[in-house]
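Okay, here's what each chain looks like letter by letter:
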Amino acid sequence: MMVETRLSRSIRVMFIGGGIALSMQMANAQSAGDMQKVEITGSSIKRAEAETISVVQTLSRKDIEQTGKTSIAEVVRSISADNNGSISGSFTSGFAGSASGVSLRGLSVSSTLVLINGRRTAPYGFGDDGQRSFVDLNSIPLDAVDRIDILKDGASAIYGSDAIAGVVNVILRQNYVGKTISASTGISGERDGNVNSISGAVGFGDLQADKYNVFLTVDAKQQKRIDQNSREKWLGQADARPWGGRDQRNGHTSAGNAGGSSFLGTLRPVNAAGAPNGNVTNLPGSCDPINLDPAGGTLHDNSRGGCLWDPVDYATVQPETKNLNVFARGTLALGETTRAYAEVGVFKSEAKTYTTPSSLTGAGFDLVNARVNNTSTGPDQLLMPANHPDNILGVAARPRWADASRPRASDMESTVTRILAGVKGNFADWDYDTGVLYAESKTDKTQNGYYRTSAMRTALNNGTFRIGKGVINNADVLALISPTLYNSGITKSTSFDFKASRELMELPGGKMGIAVGAEYRKEKTDSQATPFTDTNDIAGLGYSASKGSRDVTALYTELAVPILKTVELQFALRSDDYSDYGRSTTPKVGFKFTPNSTLAFRGTYAEGFRAPSAAENGDSAVAAFTSIANDPIRCPVTKLAADCSAQSVGAITVGNKNIKPEESKSYSLGMVIEPIKNVNLSVDLWQIVRTGEISGSDPGAVVENAAGYPDAEIVRGEATTNFPNLPGQILMVKAPYLNAGETKTSGVDLDLRGRLNLGNNGKLTSGVTVTYMKEFTRTDAAGTVYEFAGTHGDVNLSGNGGTPKTKVRFVLGWENGPFQITGNVNYVSSISNTNQVGGECLDSDEAGVALLNCRIASFTTLDTFGKWAFSKNFEITASVSNLLNKKAPLDVQTYGRINYNPSLHQTGAVGRYFTLAGRYTF
């Protein structure tokens, strides 16, 4: 049996987390000669609590508590290895609105595998951007969590698909005896965003004495919304010019008769052929002078007097949600070493979100008739007839209007069910574990405030739908042109797995360990489209649907080979067979060299893969809107904001039955040193190369290099009157999914831990975790290489959050008897306001001078936590997030939010936040 040395114990201790806990709280360690064997994330071989070759960061229950976070999502997304492509629960406008996902190494949520107790669960019902499959972290019960393991290297050889960037393994309690009840309440310094929760746990039965254990946890939480316009400065208004930004209000009318909808409404006359035949005219009504600014002659041209309005008035920093999580587990002893167990988990959530009022027109792709449908211009345009009661021009005209009283709203109801039954034990010197799992995730979406174009056309023609300031339309008319839209997304996973491990022959360094395993899964996805979007009959709402099923079988094995007292090797191999594309075989090798009791070196090489999702190779299509930096044809000539700054365009992507899985190679090399007692330092270099990437329509890349994408189609509108010789503005880009491109990311992880005993004055613990991303390059299908590290790119990842080079978390804690105080400092480095290294600044004034020095500022916050064990049974905790009330840096590029970046700076939009909690143990 492998015996834990001083250094391996030090290694194990120091990689426990972003907090200050110094034990994994697994089981009580036994004597060195008879220590209990446990399984650690990243290996299927049970070990005597010695650290594995791979780097595993562990957050214990104590660590999680001391962060002051109130959800698993907040805890996981605060680790330094999380980067661009993660999904914030505050990002409510996307296909996966209100869900939350983690993106290790910036490789997106679909390349980070999330497990519960080492097993897969059903992904969220709707894919991120309609494509990427991920597990909603909000669905995991906080009160039932024992610890969280974050494996920071490739792990497909152990866990299969999706583990390219690493694994987040949430370990739930295995047994519990007692009764506890907890409650907490939180409120921001602005007296909003209240979060109230109550949870309880009850467990009975001692496995040793009673031969069984059963426990139940219930966790309920209600979160109130935070309106963005309740915040100060650039956070509370879209016009950020006073702070060096730009104006993002809507409703402008430019000299070229381009612009958006206003609350007054506008008309533009057309001739018999439907072409513009005059200037945009505002409908009657008053407009505050401030909403007529800015004047013409700038990049934000409003020279034709559009009545501007602020979209921040319809934005939320934090959505309104209600969550209920129930988890139960029972264990029955069937003998000295055999245990039967069962788990049932049910998560229910409700989220209410809203956004800006809908415009009357839009552009999209009619999938049924395979044609572009543009109701803004051209033959499909929406027109107001000359005899309409609101037509002050007396001729047919293009109407534009936004109804201030009718924001678009979405209600999301999700239910995640997970049922597991299994047996574990020991037979013929093999430690085995086998189980059957059923997991299901279902999300029902209800949407209001959108217009059905065909019904709108009818209502305009017969004069029953009215536009203009203060207009209130008839309820029956609204029911026809703006129906309530329902759709749902459901994923199911049924699996059977078996694994076993044992010790083999004696080697000079100890006994060899072996693990073998097999798995079968049946996966199903049915993500429905929003009604009428297949024909592009809903203005401003994209299409997304996917349906598919497949069978997956896998065999894997692993060896732990201690060839010397100072050298241990790891070998792993896994083969997965997918019914929809074929087989993937992935190896992993690693080593650990411990020359003395204070120094160790280790490294790994692993291959990985990500199987295509049903959205990518199934019966699927996505018609969405994304952002491109600028129009390379129009911008150099027009110099207008509509052409020279970030702009929304359609991205149409269809499934490809011949798509292949993504593949990867990952490398890590590091050292661990204990220079003095109770001080531990690790430095690990890492690199991941992902090839054959599955990508959809990338408007930015296609627009920059149309010749490199022969299967793509760029659709433009009509030329504007002030630039008649230029092609019109980009409306959309259409392309199938394809295996194209390569991403390479590399960097350094540093982890420093220290402990100091102060005698009667308690003890101090400290820790620093640093992730530095040295490079993040992407090679597109045309062979062009882009470097995104330290920039606002890659724009195509979730939320357009940017790729900061450095993330740091520093923790300092003091404990003395019943008292604990912890401080957490969180740092995110600045990023350049370019889409790639060397790229043009994404924001500049009319003279071409970069705004904000072409940078998004760094962001540092301080969180504090305190605990008082008032008695043996009762304890009180208090925390303050963002104690210094740091504001999120001004960022006008991130889509889905206005003037700030929720992926990197969400706490700076919420502001200072207070939480008070109590726990009573009966």
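See above for the structure.
For clarity, every value in this text was computed on a predicted model and none was experimentally measured.

What counts and how
Residues numbered from 1 in each chain as written. Predicted model: local features only at pLDDT ≥ 70, side-chain atom pairs only at ≥ 80, totals over all residues. Heavy atoms only, no water. Buried < 20%, exposed > 50% of the residue type's maximum accessible area, 1.4 Å probe, protein only. Helix = DSSP H or I, 4+ residues; strand = E, 2+ residues; numbered from the N terminus. Arc of directions from axis to C-beta. Contact = heavy atoms within 4.5 Å. Disulfide = S-S within 2.5 Å. Patch = residues over 30% accessible without salt bridge, like charges linked within 9 Å, V, L, I, M, F, W, Y side chains within 5 Å. Areas by Shrake-Rupley, 256 points an atom, 1.4 Å probe, with all protein chains shown as cover. Salt bridge = Lys/Arg side-chain N within 4 Å of Asp/Glu carboxyl O. Pairing = 2+ DSSP bridges.

Undergrad: Would you take a moment to explain helix H5 (residues 453–461) for this structure?
TA: Two residues of an α-helix separated by three or four positions point the same way, owing to the 3.6 residues in each turn. Regarding H5, the residues found buried are Thr 453, Ala 455, Met 456, Ala 459 and Leu 460. Seen from one end, H5 has its buried residues packed into an arc of 155°, which puts them on one side. Here the buried face of H5 lies against strand S16 (397–400) and helix H6 (475–481). Positive phi shows up at Gly 463, right after H5, with a value of about 80°.

Undergrad: Hey, could you run me through the state of the cysteines in this one?
TA: Should the sulfur atoms of two cysteines be covalently bonded, the bond is a disulfide. By the definition in use, this model includes three disulfides. Between the sulfur atoms of Cys 287 and its disulfide partner Cys 307 the distance amounts to 2.2 Å. The chirality of the disulfide connecting Cys 287 with Cys 307 is right-handed, given an S-S dihedral of about 100°. Of this pair, Cys 287 sits in the loop between strand S10 (281–282) and strand S11 (316–318) while Cys 307 sits in the loop between S10 and S11, placing them 20 residues apart in sequence. A relative accessible area of 8% means that Cys 307 is categorised as buried. Linked covalently through their sulfurs, Cys 841 and Cys 854 form a disulfide whose S-S length is 2.4 Å. Taking the sign of the S-S torsion, 125° for the link of Cys 841 and Cys 854, the bridge is right-handed.

Undergrad: Can you walk me through a nonpolar patch on the surface in this structure?
TA: On the surface, Val 202, Phe 204, Tyr 212, Val 214, Leu 216, Val 218, Leu 324, Leu 332 and Leu 334 cluster together into a nonpolar patch covering about 700 Å² of accessible area. The set of elements that each furnish at least two residues to the nonpolar patch consists of strand S6 (195–204), strand S7 (212–223) and strand S12 (320–333). Counting through the fold element by element, Leu 324 comes out in strand S12.

Undergrad: Could you clarify how one ought to interpret the sheet that holds S16 in this entry?
TA: Across a sheet, paired strands are connected by hydrogen bonds in the backbone, their directions being either parallel or antiparallel. With respect to topology, three strands assemble into an open sheet ordered S10-S9-S16, the strand pairing being antiparallel. Of all strands in the sheet, those bounded by a partner on one side alone are S10 and S16. In this sheet, S10 lies alongside strand S9 (residues 266–269) in antiparallel orientation, the contact comprising two bridges. In the strand pairing of S10, Leu 267 is matched with Thr 281.

Undergrad: Can you help me understand the pattern of salt bridges in this one?
TA: Charged atoms that come close allow side chains of opposite charge to pair. One pass over the full model with this rule turns up 43 salt bridges. Put simply, Asp 239 and Arg 249 hold a salt bridge, and the shortest N to O gap is 3.6 Å. Residue Asp 239 is found in the loop between strand S8 (226–227) and S9, and its partner Arg 249 is found in the loop between S8 and S9; the two are separated by 10 residues along the sequence. Note on accessibility: Asp 239 and Arg 249 belong to one class, buried. For Asp 843, the salt bridge is made with Arg 246, and the minimal N-O distance between the two is 2.2 Å. Separated by 597 residues along the polypeptide, Asp 843 in the loop between strand S38 (831–832) and strand S39 (855–856) and Arg 246 in the loop between S8 and S9 bring together distant segments of the chain. Residue classification places Arg 246 among the buried residues on the basis of a relative accessible area of 9%. Counted as one network, the salt bridges with shared partners bring together Glu 519, Arg 521, Glu 523, Arg 550, Arg 574, Asp 576 and Asp 580.

Read these as geometric descriptors, not functional statements.
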